[in-house]
Amino acid sequence: METTPDTSNYMIAGYIFSFVVMGFYVFSIYLRSTNLKRDAETLESMDSDKDGKK
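This is a predicted model, so every value here is computed, not measured.

Visitor: Before we go on, may I ask you to explain the overall build of the protein chain in this structure?
Guide: When helices and strands are tallied, the protein chain shows one helix and zero strands. Here the C-alpha atoms of the protein chain give a radius of gyration of 24 Å, more than 25% beyond the 10 Å that 2.2 N^0.38 yields for 54 residues. Along the first, second and third principal axes, the C-alpha atoms of the protein chain reach 90 × 10 × 5 Å. Within the structure as shown, the protein chain displays about 5600 Å² of accessible surface, and the carbon and sulfur contribution to it stands at 64%.

Visitor: Explain the packing of aromatic side chains to me, please; I cannot follow it from the model alone.
Guide: Any aromatic ring pair is given by two values, namely how distant the centres are and how the planes are angled relative to each other. Counted according to the given criterion, the structure contains one aromatic pair. Summarising the aromatic geometry, the rings of Tyr-15 and Phe-19 are spaced 6.5 Å apart at their centres and angled 25° between planes, so their arrangement reads as stacked. Within this pair, Tyr-15 and its partner Phe-19 are both found in helix 1 (residues 8-53), separated by four residues, close to a single helical turn. For Phe-19, a relative accessible area of 55% corresponds to the exposed category.

Visitor: What am I meant to see in a negative patch on the surface here?
Guide: Together, Glu-41, Glu-44, Asp-47, Asp-49 and Asp-51 make up a region of like negative charge exposed at the surface. Along the chain, the position of Asp-47 falls in helix 1.

Visitor: Can you walk me through the environment of Thr-3 in this structure?
Guide: Residue position: Thr-3 is located in the segment before helix 1. Once the C-alpha coordinates of Thr-3 and Arg-32 are considered, the two residues, 29 residues apart in sequence, prove to be 49 Å apart.

Basis of the calculations
- Per chain, residues are indexed from 1 in the order of the written sequence.
- For this predicted model, a pLDDT threshold of at least 70 governs which residues receive local features, and a threshold of 80 or more governs which side-chain atom pairs are given and counted, while totals over whole chains, interfaces and linings are taken from all residues.
- As a convention, hydrogens and water are excluded, and side-chain values are obtained from all of the structure's heavy atoms.
- Here a strand is any run of E in DSSP of at least two residues, a helix any run of H or I of at least four, and the numbering for each starts at the N terminus.
- Only C-alpha atoms enter the radius of gyration; for comparison, a globular chain is expected to reach 2.2 Å times N to the power 0.38, where N is the number of residues.
- What sets the accessible areas is the Shrake-Rupley method with a 1.4 Å probe; for residues, cover comes only from the shown protein chains.
- Stacked, tilted and edge-to-face pairs are distinguished by plane angle, under 30 degrees for stacked and over 60 for edge-to-face with tilted covering the rest, among Phe, Tyr and Trp rings (Trp via its six-membered ring) whose centres lie within 6.5 Å.
- When a residue's accessible area, from a 1.4 Å probe over protein chains only, is under 20% of the maximum for its type it is buried; when over 50% it is exposed; and in between it is partly exposed.
- Here the term patch refers to residues with relative accessible area over 30% and no salt bridge, with like charges joined within 9 Å and nonpolar side chains (Val, Leu, Ile, Met, Phe, Trp, Tyr) within 5 Å.
- Salt-bridge detection follows one rule: a side-chain nitrogen of Lys or Arg within 4 Å of a carboxyl oxygen of Asp or Glu.
- Asp and Glu count as negative and Lys and Arg as positive, but His and the ends of the chain are not part of the count.
- For this purpose, a charge sits on NZ of Lys, CZ of Arg, CG of Asp or CD of Glu.

What follows is the structure in structure tokens.
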């Protein structure tokens, strides 16, 4: 009878890979959120400048 091959190293590598990819995704969302807030502040300041000049 053959024994089942030990593939636990591949499982661990898969989990590590998954967590790294998810970490990059979360970091990307954080950067996009930061840039979106900055863009919103810029647009609000441009709008207030436009209202102030009228």
